[in-house]
Structures are given as structure tokens and as C-alpha cells.
Amino acid sequence: MSQVSIRKVHLLRWLVIIGLGAITVMWYWQRMKTRQLDYVKSLQEPSVRLEGGEFVLDGEKITILSGSLHYFRVVPQYWEDRLMKMKSGGLNTVTTYVPWNLHEQVRGDFDFTGILDVVEFLKVAQKVGLHVIFRPGPYICAEWDFGGLPSWLLSDNEMKVRTTYPLFTEAVSKYFDELIPRIVPLQHNRGGPIIAVQVENEYGSFGKDTSYMESIKEGLTMRGITELLLTSDNTRTHMENGRLPGVLMTANFQEHVDRHFQNLIDLQGKDMPLMAMEFWSGWFDHWGEKHHIYEPEGLAGLTKAILEKGASVNFYMYHGGTNFGFMNGGNYDGGYKPTITSYDYDAPLSEAGDTTEKFFKLKEIIQKYTGKGRVPSHLPDLPVAIGKVAYPEVKVQESLSFPSVLEIVGKPIYNDDVQAMEKLPINNGGGQGYGFLLYRTRVPSKPAKLKLTISPRDRAQVLWNGEEIGVLMRKTDTEDREVEFGEGKGSDNVLDILVENLGRINYDQTLQHEHKGLVGDVLLDGKKQEKWEMYPLEFKTHFMEAVSSSPKWAPYSVHEKQPALYRATLEIQDSQPKDTFINMKGWEKGVIFVNGFNLGRYWNIGPQRNYYLPGPLLQQGKNEIIIFELHQAADTIRFDDRADLGETVHINNDDDIEAAL
């Protein structure tokens, strides 16, 4: 073979090798590209598929057995305990709301720490082995102040919440920008626990603007939410109002299983899985009413009926927790009704996380009537019970007068007219959200009568030269608006009106107008009073730190019929303090602070007679208890080792809701 021929053979061989290599590289590149596309596609597709009236997750048919627990109503140290109890009760999912108004109390200042560390909560749920249904709002209802909407929205005179009003949608966008990227990596299709996300909440009871609901849906999906989307509503009319194409409808109810599921079938067909997104295990309470309960036998029987239909269920609530601080909501049903501090809800797990008769009955029903193989044959053991103790009563040692409290507040806000809380020029222009607002004015001579043109929002304590002469309570706009001064002359002639925000309405159209404080004029003997000083009492952390270190504390004395602060010390020897309940017998109305933490309101009108104090809020050694009492203090603070939520009354909410329509 000639040299030329040999060179040609070598050249041909190299060309073949190069060609085969190129083909191999192209094949490998194409394969990797396909895998990448498959991976990207998997991130874009919901983990839960809807097939033949069933939920299918990871190729397996499942029944979603869920319970509601709100991380912001439970101290973080107890998240795992409560979630483990849910798992032990046969549940495979936990459902939680997200309170926008806690995460952004002040416009532009976001907080995702401590009890608000929603990412950590989701990770604990995954650690325990629970899926998550995520309900980010922006509106959540939840018997929570303003339904979870931040109060500073109301600083805008034209604000229209839960609509496409530009300033509302802009605020929602900024909220979603902060929240959604934090939870996107925790979706099931990315290795996290979230299997479904709810679009808004019970919107059908508020309106029927599809463009608004579409904007919320888009706000979720454009930021990376790819899991199953769903809505939840109470009645057929509400379902129709709140429906969205391509979004699963679910029902909220307490009784009449057949009726509510038939509504779902009629509206979205037989091929969609049935789910009770809120199957109400009990109910919440208002101040001055009885504690609402729903019998365990009735709850168990209806759960059986749901499961026998092959439907999924979320028990609302499975563990209620506590309305810490000033965050309880309210309702308007012929008059204003604020919600109490306890959110026990007569749920399967009590406010303090204890198992109840309902817990064990539901566990039995779930194991017996859920489809074969959908509940593990062996459920985890219950965690060791958390101890409760009635600590010895403590003496109140010191008091701080109201004038000294106002000195800590500092300079007042001056205005010719009274202003609502949300209109005050504080907190980045968003006004005052929560707590109390003192209105002060100077009056030349003692009038015979004070009249408010609109009832207070929500409770006004009227003082003349520091002495209480009356209390006005919001009922309707035309009730309880006048105070008689009586005879006699004043000396310094200072008129104070201390107004408490008892909780913004959290449900229906009424929440559009939930400004707090004085929202009308003050008339003295028929003449409008002007020139006001306003002192916002928000009781935030920095304020309570200043209160604690104030040099003005004096030995205990009762400031009768006057607001004042009182301090006691609880000494604990144990290195691990136990849960307890503060019993405020002998006190009238106010707020409890333990080691600077706002435990919530107390009020002697009940129904609740003591107030849950979780052990993690206490420490070995000295614990500072500060009470803001509005009227009449006692000289001791007592403790109980069990809850006392007062006299009970049975409730049936399906019939109540239908009757209201």
C-alpha cells in the first residue's frame, strides 16, 4: 500500500472516530437536556394529581387527613409536640394560615423570626412526617384582627380591601414578594412538605370579582407556586362567587355532609375529589357569651360520613392555641362582638395541647373508615404529656400611675379634631394598629353631658380630671354614646377618653370600615369639642422595656376607677418551668404581660376565667408579671393547673350560616 493510501486510511479512521465522538456527545447532551426539561417540568407540575375523583400523590391514591394549627398561636417550643400529636392521631397533613398583619405590622417592616418563623414551622412539619396545605391569604379570617390584613391599609381614605384597588394590590404584591420566595423551595415537587396552596380565603362570602381572585392566583403562580391550588367556601352561593377555572373547590361546614358535597359535585363534576377544607370541630367564643362546644359523638359520626364517601378532610381547628397580644378579631351580628383571648375552639387538642375525648374518638374513626392502606397500621406514640402546675399565688408589689405611663409614651400628637388610630402620623405613616389610644382635651367648665356622634371603636373609658365617670362600649352605631357628668365643678378640667381597640372585625363586608378609636366628633353639651392631644399606647417591646425600668414604680396601691400598671414577681425553682393558667379573679379588665410577652386580654365578664401561660415563656428564678388594669386591681395574682373556659353552650353553625343568607 502506498504512503498516500496509508494516509487516507488513517484520515478516514480519525474521521470515523471524530464522527462517533460527536454523535456520542450530541446523544449525551440531548439526554441531559431531556432530563433537565423533565426536571423543570416536574417543578412546574403539581405533586397532587386529580384522577377519577381521587387525590394521587407520588403515584399513590391518598386521602388527605388534615388538621389546622396556626404557628402564630403556639409558642415555637411546642410546634413539634403539637404536630407529633396530630401524626399520632392518624393525620397525614397540617394546614396553616399566614397572618400578613403580624409579618408586616408596620408598613415595609417584615418579621419572620421567633413565633413568626413560618419556614422553620414548615420544616418541623416535614420532620414529623406531615404534608402541608398552605393558606397565605392575603385575607385569612381566622377570628384574627382584620382577618389578617394589616391595619395600616386603612390609613388610605379610599382603601378597598380584597379588590383590585391599585393600592391594595400593590401592598399584596410586596407581601407576596417577601413571603412566597421563602416557601417555594418547600413545595413537595422540590422536596418539601407543601402539597397544596389555597387562593385567598372564603372570598365568596365577601364578593364575586373574578378579576380579583385571578390576580391573587397569578400572584402565587408567577412567584413559583406550582402545587395544587384550591379555594374554600361555606355555601353553594359562596362557592359560585369564589370559584376559579382550574382551581379545586372545597367546602367549609360543620353538619349536613351530603348537602355540601352535593354542592361541590354540582359545581365541578363527579370527577373532582371531595374535600372538607374546614370541618369545624367546635367554635370560637365572644366576650360575655358562653363557651361554645360541639359534642364528640356528633363530630365522630360526621367524620365517619365524610370518610365513607371517600372524601378528604381538614379539621378546623385540630389545635386552636391562643390569641396572644391584641390580635383577636371580632364579628358584627346585630352588634359588635369581640373574640376572647383563648382560641381553644373545643378542638381535639386543647388550647394547652392536651388530648381530649375528641382526639381519641377521631383517631378511632380515621383508622376504621379511611380507605384501606391509607393510614399506617402503626401510628407513632403520643409525646410525653407536658406538665401543668398551679404556682403559689403572688402578691402585687408595685404600681405605676397612669400619668407616669403617659410620661413613658412621650409627646402627644396634637390635632384640632380627634383622629382614628389608623390616621395618626406614626409607624411609617400607617397609624396605630393595636392597643389603646388616649384622647385628652382641656375644658373651661364641667359640662352636663358628653355625646359621641358615632359609638367608640370599641370601648371608651371617660375620665374627668383623672376620675372615671363612665364607660361607653361599641354595640351598634347608635347605641351607648352618651355620658352624664353629674353635678359639681372640676379643678384642672382635663377630659380624657381612653379608647381600646378590642379587635377588628374579621368577616364579611363590615371589615371594610374597621377604623379604631374615635371615628366621629365629641360633643359637650351639644357643642363640638376641639383641640386634642392623643397618646398612642401600643405596648410594643421597646415600650414595655421602658416600663419595666421606670423609676416611677411605687409600692402597691389601688388606683380605683383609674387605669394603672401593676407588677408582681413569680419565682420558680425548677429549671424547666411548667405550663400554668393565670387566674385574674378580683381584677376587672386589662392586659397581662409576662417577662415582656403580651399574653392577651382578660375581662371579668367571661366566659374565660383563666388564661393559658405556656412554660417556655417562664424562666427559672424571677418572672416579671405586669398587669395593665383599667378599673379595679386586686392585691394578688393566682394560678391554676387546668383551663377554665366558663359555662358551655352547644353550637350548630351550618344552620346559623344558612339562616343569615
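Each chain carries its own residue numbering, running from 1 in the direction its sequence is written. Owing to the predicted nature of the model, reporting of local features is limited to residues with pLDDT of at least 70; listing and counting of side-chain atom pairs is limited to 80 or more, with chain, interface and lining totals taken over all residues. Hydrogens and waters are ignored; side-chain quantities use all the structure's heavy atoms.

Caption draft 1: Structural context of the overall build of the protein chain. Of the regular secondary structure elements, the protein chain holds 13 helices and 34 strands. Reported as C-alpha extents along the three principal axes, the dimensions of the protein chain are approximately 130 × 60 × 55 Å. Split into buried and exposed, the 661 residues of the protein chain put 57% on the buried side. The contacts of the protein chain with a sequence gap of at least 6 include a subset with a gap of at least 24, amounting to 80%. In the form shown here, the protein chain has an accessible surface area of approximately 27,000 Å², with 51% of it arising from carbon and sulfur atoms. None of His or the chain ends enter the tally, which takes Lys and Arg as positive and Asp and Glu as negative. To locate a charge, take atom NZ for lysine, CZ for arginine, CG for aspartate or CD for glutamate. Mean positive and mean negative side-chain charge positions of the protein chain (71 and 88 charges, respectively) differ by 6 Å. Numbered from the N terminus, helices here are DSSP runs of H or I no shorter than four residues, and strands are runs of E no shorter than two. Exposure categories follow from relative accessible area, calculated using a 1.4 Å probe and restricted to protein chains: below 20% of the type maximum is buried, above 50% is exposed, and the middle band is partly exposed. Contacts are assigned to residue pairs with any non-hydrogen atoms lying within 4.5 Å of each other. Computed with the Shrake-Rupley method and a 1.4 Å probe, the accessible areas treat only the protein chains shown as cover for residues.

Caption draft 2: Examining the sheet that holds strand 25 (residues 532–537) more closely. Taken in spatial order, the six strands line up as 16-25-17-22-19-20 in an open sheet, and their pairing is antiparallel. Sheet topology places strand 16 (413–415) and strand 20 (467–473) at the edges, where each strand pairs with a single neighbour. Sheet twist, expressed as the average angle between the axes of neighbouring strands with direction ignored, equals 20 degrees. By the bridge criterion, six bridges tie strand 19 (residues 459–464) to strand 20 in an arrangement that is antiparallel. Among the inter-strand pairings, Arg 459 is bridged to a residue of strand 20, identified as Met 473. Here, axes are lines fitted to C-alpha atoms. For helices the fit covers the stretch in contact, and angles between N-to-C directions go from 0 to 180 degrees. Helix-sheet contacts for helix 11 (residues 402–409) involve strand 17 (436–442), strand 22 (494–500) and strand 25, and the interaxial angle to strand 25 is about 85 degrees. In short, DSSP must find at least two bridges between two strands for them to pair.

Caption draft 3: Broad picture of the layout of surface pockets. The distinction between a cavity and a pocket rests on a 1 Å grid over the protein atoms alone: a 1.4 Å probe fits inside a cavity but cannot get out, while a pocket stays open yet meets protein on both sides within 12 Å along at least five of seven lines, and a residue with an atom within 4 Å of a point counts as lining. Grid points are joined across faces, edges and corners, and a volume is the space filled by probe spheres set on the points. Its boundaries defined by the atoms lining it, the largest pocket holds a volume of some 1,100 Å³. Taken together, 42 residues line the largest pocket, and the ones lying closest to its centre are Leu 102, Gln 105, Asp 111, Thr 541 and Asn 598. At the level of secondary structure, the elements contributing two or more residues to the lining of the largest pocket comprise helix 3 (100–103), helix 12 (541–548) and strand 30 (597–603). Its residues placed into classes, the lining of the largest pocket shows 20 nonpolar, 15 polar and seven charged. The nonpolar class holds Ala, Val, Leu, Ile, Met, Phe, Trp, Tyr, Cys and Pro. Asp, Glu, Lys and Arg form the charged class, and all remaining residues, Gly among them, are polar.

Caption draft 4: Summary view of the side chain of Arg 601. By secondary structure assignment, the location of Arg 601 is in strand 30. The buried category is assigned to Arg 601, whose relative accessible area is 1%. Only 3.0 Å separates the side chain of Arg 601 from the backbone oxygen of Asn 501, close enough to count as a polar contact. Residues within four places of Arg 601 in sequence aside, it is in contact with Trp 287, Gly 325, Phe 326, Asn 328, Thr 341, Glu 500, Asn 501, Leu 502, Gly 503, Gly 590, Val 591 and Tyr 611. Within 3.5 Å is the distance limit for a polar contact, defined as a pair of N or O atoms, with the added protein rule that one can donate a hydrogen and the other accept it, and that residues adjacent in sequence qualify only through two side-chain atoms.

Caption draft 5: Region of the structure containing the pairing of strand 29 (residues 589–594). By the criterion of burial, strand 29 is predominantly enclosed, with six of the six residues buried. As defined by bridge partners, strand 29 adjoins strand 30 across six bridges and the pair is classed as antiparallel. Bridging from a neighbouring strand, Gly 590 pairs with Tyr 602 of strand 30. In this structure, the hairpin formed by strand 29 and strand 30 is closed by a connection of two residues, where Asn 595 is found at a positive phi of approximately 50 degrees. The sheet contact formed by strand 29 and strand 32 (residues 621–629) spans five bridges and is antiparallel. Note that in strand 32 the partner of Phe 593 across the bridge is Ile 626.

Caption draft 6: Quick peek at the pattern of salt bridges. Think of a salt bridge as a Lys or Arg side-chain nitrogen and an Asp or Glu carboxyl oxygen that are within 4 Å of each other. A full pass over the atoms with the stated rule returns 39 salt bridges. When the shortest N-O distance is used, the salt bridge between Arg 162 and Glu 200 registers 2.7 Å. Of this pair, Arg 162 sits in the loop between strand 6 (131–135) and helix 5 (166–183) while Glu 200 sits in the loop between strand 7 (194–198) and helix 6 (210–221), and the two are 38 residues apart along the sequence. Salt-bridge contacts for Glu 422 lead to Arg 504; the nearest nitrogen and oxygen are separated by 2.7 Å. Of this pair, Glu 422 sits in the loop between strand 16 and strand 17 while Arg 504 is found in the loop between strand 22 and strand 23 (522–524), placing the two residues 82 residues apart along the sequence. Judged on exposure class, the residue Glu 422 and its partner Arg 504 are both buried.

Caption draft 7: Structural view of the confidence of the model for the protein chain. Every residue is assigned a pLDDT by the predictor, reflecting its confidence on a scale from 0 to 100. Mean pLDDT over the protein chain stands at 93; residues scoring 70 or higher make up 92%. Of the regions scoring below 50 in pLDDT, residues 32–42 engages in one contact with residues more than four places distant in sequence or in other chains.

Caption draft 8: Main features of empty space enclosed by the protein. The full count for this structure, using the stated rule, is four cavities of 30 Å³ or more. A volume near 40 Å³ is recorded for the largest cavity. Around the largest cavity, the lining residues are Arg 73, Val 74, Val 75, Tyr 78, Arg 82, His 319, Gly 321, Thr 322, Phe 324, Glu 351, Tyr 612 and Pro 614. Along the lines of polarity and charge, the residues of the lining of the largest cavity split into six nonpolar, three polar and three charged.

Caption draft 9: View of the sheet that holds strand 21 (residues 482–484). What the four strands build is an open sheet, ordered 21-18-23-24; its pairing is antiparallel. Single-partner strands in this sheet number two, and they are strand 21 and strand 24 (527–528). As defined by bridge partners, strand 23 adjoins strand 24 across two bridges and the pair is classed as antiparallel. Counterpart to Leu 524 in the pairing with strand 24 is Lys 527.

Caption draft 10: Focus on the environment of Pro 536. Here Pro 536 shows up in strand 25. Using a relative accessible area of 15% as the deciding quantity, one classes Pro 536 as buried. Linking Pro 536 and Ile 426, residues 110 residues apart in sequence, is a C-alpha distance of 9.3 Å. Apart from the residues within four sequence positions on either side, Pro 536 is in contact with Val 409, Ile 413, Leu 424, Ile 426, Gln 432, Phe 436 and Leu 437.

Caption draft 11: Layout of the environment of Phe 581. Relative to the assigned elements, Phe 581 resides in strand 28 (residues 580–583). For the pair Phe 581 and Gly 615, spaced 34 residues apart in sequence, the C-alpha separation works out to 10.0 Å. Setting aside residues no more than four positions away along its own chain, Phe 581 makes contact with Ala 352, Lys 388, Asn 610, Tyr 611, Tyr 612, Leu 613, Arg 638, Phe 639, Asp 640, Asp 641, Arg 642 and Ala 643.

Caption draft 12: Looking closely at the pairing of strand 28. Neither face of strand 28 is left uncovered, since the one carrying Thr 580 and Ile 582 and the one carrying Phe 581 and Asn 583 both have all their residues buried. Bridge count for strand 28 against strand 31 (residues 610–613) is four bridges, and the pairing is antiparallel. Looking across to strand 31, one finds that Asn 583 is bridged to Asn 610. With three bridges connecting them, strand 28 and strand 33 (residues 636–640) associate as antiparallel partners. Bridge pairing links Ile 582 to Phe 639 in strand 33.

Caption draft 13: Quick peek at the packing of helix 5 against helix 6. Close contact between helix 5 and helix 6 brings their axes to 10 Å; oriented N to C, the two are set at 25 degrees. When the interaxial angle is binned, helix 5 and helix 6 end up roughly parallel. The handedness of the crossing between helix 5 and helix 6 comes out as right-handed. When helix 5 is examined against helix 6, the residues Phe 168, Val 172, Phe 176 and Ile 180 are found in contact with a partner set consisting of Tyr 212, Ile 216, Gly 219 and Leu 220. Looking at the contact of helix 5 with helix 6 residue by residue, the classes come out as seven nonpolar, one polar and no charged. Note that the term roughly parallel is reserved for angles under 35 degrees, roughly antiparallel for angles over 145, roughly perpendicular for angles of 65 to 115, and oblique for everything else. Helix crossings are classified by the rotation of the near helix relative to the far one: an anticlockwise turn of less than a right angle makes the crossing left-handed, while a clockwise turn makes it right-handed.

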